[in-house]
Structures are given as structure tokens and as C-alpha cells.
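A look at the structure
Okay, here's what each chain looks like letter by letter:
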Amino acid sequence: MSILRKRLTEFDDVLDADEIETASLSKICFHGIPDEPGGLRPLCWKLLLNYLPPTKSSWLETLKRKRELYNTFIEDLIVNPGESNTDDKERVDVTLHDHPLNLNPDSKWQTYFKDNEVLLQIDKDVRRLCPDISFFQQGTDYPCQKIVNANGQRLHHRVQHTVLKSANVERKGLGVTKQIAVSVRKATEDYAPLAEGGEAHWEVLERILFIYAKLNPGQGYVQGMNEIVGPIYHAFACDPDPTWRKHAEADTFFCFTNLMAEIRDFFIKTLDEAEFGINSMMSKLTNQVRANDPEVWLRLHQQELCPQYYSFRWLTLLLSQEFPLPDVMRIWDSLFADENRFNFLIHICCAMILLLRDQLLAGDFATNVKLLQNFPSMDIQIVLSKAAALAGKTL
């Protein structure tokens, strides 16, 4: 029996059970989810991210309830002032009671203007997501009919690019710093929206992130969240089973929400010093490098090459900007399956540094900063095997 066939049999044995053994699923997913035949990764991620319960008989009810709830979010949260809530087709003059200059915080127009401030940044980010592949520019086979068939409801219509300045958004109490947020993979041009009646995948992501920001006002949208939601949506939207693929948007939203609940501390500045805050994670990484290669640690320390210069982005964005998308998805198989939830992320980041040992010891400050901020192309299995060895595991 081939290694692939043996692994597929292991997945079948776990996933065919009426009650999924979470520990068994995590164990086999940690070693990577086979890309072929398709469909395993989307299902496994839904289970690992606690979107689907272990009891298979409850899946249909859970999916029906969640997807209906997401449709309600679309109806309730994508506010479009200027249109009445009446069921008839006649235009109603809503300015009789509300108007753009109304300063009442309950004004629908005030909500609209505040939403647009968030939407400006979301729109900018999703239009340049993963420019090394064409997927996000392509049209989805399942556009949201409530949006594409409603005049003016597509979110990109609300964005006035002349308002959005070219400077990166600084961290004003939330999220990724100005220094770290700069993408290493820039699209030469912003993705264009599709013609009326269709939707590109980036437009779907724009809606997911906008609704998430609306539902989480204490955190809102933080630059970099697009890099977290992108791989999840890509996996679900490429599911070979159309009965799953058609609901990729709703399923992605809830899996992304569950994932953000676990890593939200990375995006909130006031929690930087918390046990699972970003500063704590960077300290753990530095300590692990020191324990495994004191010479490399000393070199970086003497150069005052702080982990904030490179590992802030690594940790906050779960390495989504450091590797090609297929490698990111392989990494996330292990991260989502990690029994200690993302402890393995520290091991991966440490492995990345140690694998650059010779270059780091030979390089000056400028050379090493550039090297760490632009991790060289490398077989991802080498990185993961090194990380597993650091964790006392095998891959």
C-alpha cells in the first residue's frame, strides 16, 4: 500500500465515524491533509476550527442554522441609506426623517459614513490579496443574489478611492503596526470588480470582513485580517463538492470568526503584554532561538535586530505572507491541529531562523533584516520537519 493510500485510509476511518474523534483527527491532520482527492482539507478545517461538531448527525442542522444566520447578517448589516424598508417598489423620500447631515448617532446615514471608513481599508486590502495567483480576481459561481441583483448594494460601489490615501494605516490602539503591515507581495494593480450580475472572489471576502467588523465593533477590522481569511475561503471555494462550495462564504465567515477568537490578542494593542499577546509570543520565540542556537541568538542580539522587525508579521498573520498559498495551507494543517493551539507556530518560526543560520552569522544588520523580512524560497517540508524536531515530534 502506498503512503498516500495509507494516509487516505486513515482519514476515511476517522471521518466515516458517526462521532468524529477530535484527537485522532488532529493527529493525522498535523502531518498534513492530502490535496488529492479534493474535499478533505475543507471538511477537516471546519472540524478543527469548531464550526462542525464531532457528532455527524447534527451537521445538517448546524449548517442550516449557521448559513441562515449569515444571510440575516447580509440583510441587516449592509446598510444602504436612501432606500426604504418598505416592501413595495416605490421610492420613499427617507430624508423626511433622516438625512446625510443628521448628527443623531442613531441616524442611518451616520452609520453609513462610519462604515465607509472601515470599508475603505478593507477594499484596499482585498483588492491586492495573493497577487501571485489569479483566483481572487476570478468570478465566483455563486454570487450573492441579494447583493448583485440589488442596485447599489455591492460594497465596492461605496468606496471612493480618492478618499483613501496611499499611506499605510498605523496601529491606533488596534492591530498591525505601520512598519509590519507592509505586504511583501504587492499586486501591480488593484483587482477590478466584475460586471453587474457577477462577483469576484475578492468581493466576497470584502463582504465577509465588512460583516465581521460590524459584528465586532470593539475590535473592528485590522489590516492583515484579509491575509487570515483568504486561505480559508480559498480552501472552501475550491471544494470539489458543489453542495459545500456554494456555501463557501457563510462557512468561511464562521470559521474565520472562530479562528479570530483564538488569535484576537495579536490584533489588540492593549493585550500586547497578555499571556497570549504578541509580545509574549515574540519573547517565547526569542527564548527558543537562544536555547537552540545561542550563537545565532547572540548575533541578532548584538545587531539589535529586534523580533518586532520580522516576527511580528510572522506570528500575527500565521506566516500567511511568508510562503506561497499552497505552503501556507500546509502549515495551517499543522497549526489548526496543534493540541496546544498555535504553540507549533513558535517552533516553525524558530526553525525558519535556524535554517538561515549561516547567512545570519555572516550578514550585517541590513542584510539580516532583509533576509528575515523576505524569507527565501524553501521546501516547506524542510521547515516543518525542523519545527517538529524542535517540538520533539516527527513529520
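Residues numbered from 1 in each chain as written. Predicted model: local features only at pLDDT ≥ 70, side-chain atom pairs only at ≥ 80, totals over all residues. Heavy atoms only, no water.

What follows covers a negative patch on the surface. Taken together, Glu10, Asp12, Asp13 and Asp16 make up a surface patch of like negative charges. Among the secondary structure elements, aspartate 16 is positioned in the loop between α1 (3-15) and α2 (22-30). Judged by its relative accessible area of 56%, aspartate 16 falls in the exposed class. (Patch = residues over 30% accessible without salt bridge, like charges linked within 9 Å, V, L, I, M, F, W, Y side chains within 5 Å. Areas by Shrake-Rupley, 256 points an atom, 1.4 Å probe, with all protein chains shown as cover. Salt bridge = Lys/Arg side-chain N within 4 Å of Asp/Glu carboxyl O. Lys, Arg positive; Asp, Glu negative; His and termini not counted. Charge placed at Lys NZ, Arg CZ, Asp CG, Glu CD. Helix = DSSP H or I, 4+ residues; strand = E, 2+ residues; numbered from the N terminus. Buried < 20%, exposed > 50% of the residue type's maximum accessible area, 1.4 Å probe, protein only.)

Chain-level pLDDT for the chain is 84 on average; 81% of the residues reach the 70-or-more range. Within the model, pLDDT remains below 50 along residues 84-96, and this stretch shows nine contacts once partners closer than five positions in the same chain are excluded. pLDDT under 50 marks residues 161-184. Its contacts with residues more than four places away, or in other chains, come to 59 contacts. (pLDDT = per-residue confidence, 0-100. Contact = heavy atoms within 4.5 Å.)

Here the distance between the centres and the angle between the planes together describe a pair of aromatic rings. Applying the stated criterion across every chain, the model contains 15 aromatic pairs. Here the aromatic rings of tryptophan 332 and phenylalanine 336 are separated by 5.6 Å at their centres, their planes lie at 45°, and the arrangement is tilted. Remark: phenylalanine 336 and tryptophan 332 occur in helix α14 (residues 325-337); sequence separation between them is four residues, near one turn of the helix. In terms of burial, tryptophan 332 and phenylalanine 336 fall into one category: buried. One aromatic cluster is present, built from ring pairs that chain together Tyr51, Tyr70, Phe73, Phe253 and Phe254. Positioned above the aromatic ring of tryptophan 297, the side-chain terminus of arginine 290 is 4.1 Å from the ring centre. Positioned over the ring face of phenylalanine 30 is lysine 393, at 4.5 Å from the centre of the ring. (Phe/Tyr/Trp six-rings, centres within 6.5 Å; stacked < 30°, edge-to-face > 60°. Lys NZ or Arg CZ within 6 Å of the ring centre and 35° of its normal.)

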